[in-house]
Amino acid sequence: MVPPTSSLRAPARLGAAVLLGALGIACGSDGAGPELTDLGEEGRSIALQNGSGCAACHGADGAGRVGPAFVGLFGSAVPLEDGSTVVADREYLARSIRDPGAEIVDGYNVQMPPNNLTDDEIDAVVQWIVELGAERASEEEG
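Residues numbered from 1 in each chain as written. Predicted model: local features only at pLDDT ≥ 70, side-chain atom pairs only at ≥ 80, totals over all residues. Heavy atoms only, no water.

Draft legend 1. Focus on the overall build of the chain. Check the secondary structure of the chain and you find 5 helices and 2 strands. For the chain, the sequential pattern of α-helices and β-strands runs α-α-α-β-β-α-α. By sequence separation, contacts in the chain at least 24 residues apart represent 51% of the contacts at least 6 residues apart. As displayed, the chain has an accessible area near 8700 Å², and 56% of this comes from carbon and sulfur atoms. (Helix = DSSP H or I, 4+ residues; strand = E, 2+ residues; numbered from the N terminus. Contact = heavy atoms within 4.5 Å. Areas by Shrake-Rupley, 256 points an atom, 1.4 Å probe, with all protein chains shown as cover.)

Draft legend 2. Expanded view of the packing of aromatic side chains. For the coordinates displayed, the defined rule picks out 1 aromatic pair. Measuring from ring centre to ring centre gives 5.7 Å for Phe70 and Trp128, while their planes differ by 80°; the resulting arrangement is edge-to-face. Here Phe70 is found in the loop between α3 (54-58) and β1 (77-79), whereas its partner Trp128 is found in helix α5 (residues 119-141), with 58 residues between them in sequence. (Phe/Tyr/Trp six-rings, centres within 6.5 Å; stacked < 30°, edge-to-face > 60°.)

Draft legend 3. Spatial organisation of the side chain of Glu131. Residue placement: Glu131 occurs in helix α5. In this structure, Glu131 is buried with no salt-bridge partner, the nearest side chain bearing the opposite charge being Arg90 at 6.8 Å. (Buried < 20%, exposed > 50% of the residue type's maximum accessible area, 1.4 Å probe, protein only. Lys, Arg positive; Asp, Glu negative; His and termini not counted. Salt bridge = Lys/Arg side-chain N within 4 Å of Asp/Glu carboxyl O.)

Draft legend 4. Structural view of the environment of Ile122. For Ile122, the position within the fold is in helix α5. As for Ile122 and Ala94, which are separated by 28 residues in sequence, their C-alpha atoms are 6.3 Å apart.

Draft legend 5. The arrangement of the nonpolar core in detail. If you look at the biggest cluster of nonpolar residues, it comprises 23 residues, and the most contacted ones within it are Leu73, Val78, Tyr92, Leu93 and Val126. Of all the secondary-structure elements, those providing two or more residues to this core are α2 (38-48), α4 (90-98) and α5. With 8 residues, α5 is the largest single contributor of residues to this core. Not counting residues up to four positions away in its chain, the partners in contact with Val126 are Arg90, Leu93, Ala94 and Ile97. (Core = buried A, V, L, I, M, F, W, Y, C linked by side-chain atoms within 4.5 Å.)

Draft legend 6. Just the pattern of salt bridges, in detail. Counted according to the given criterion, the structure contains 4 salt bridges. Ionic pairing is found between Glu41 and Arg44, a salt bridge with its closest N-O pair at 3.1 Å. With a gap of 3 residues between them, Glu41 and Arg44 both fall in helix α2, about one helical turn apart. Looking at Glu41, the relative accessible area reads 34%, which means it is partly exposed. Glu91 serves as the salt-bridge partner of Arg95, at 3.3 Å between the closest nitrogen and oxygen.

Draft legend 7. Summary view of α2. When we look at burial in α2, the residues that qualify are Gly40, Gly43, Arg44, Ile46 and Ala47. The buried residues of α2 occupy one face: seen down the axis, they fall within an arc of 160°. (Arc of directions from axis to C-beta.)

As structure tokens, this is what we get:
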């Protein structure tokens, strides 16, 4: 006897729900974090793509791993390994993505690999980082 079609679909729906839930956790899309603009969402998507690989070191949610965190980075003072400090403005962020070895953040010895992102893609990733900075500001205000 063949079970009714609805009982066959239930395990598949459950499996899909579990998979989507796991992907949401892995990508930091659990509803937490700042509301993103279209450009910020595009930047987040680019950062999560295998080709750019940002998430592998900076974390899928931008909270950092072996690379510095993106969350709260924009507008902050960044100590560099040469002893100087730079403000993480749009120019610095774009420069760091274009030329990863130019200014190494103090305490992060893993060299960021070069990438082949276009100027528009870099602008989108920078916008995502800017919007992640808004998360810190709203937490500090609350």
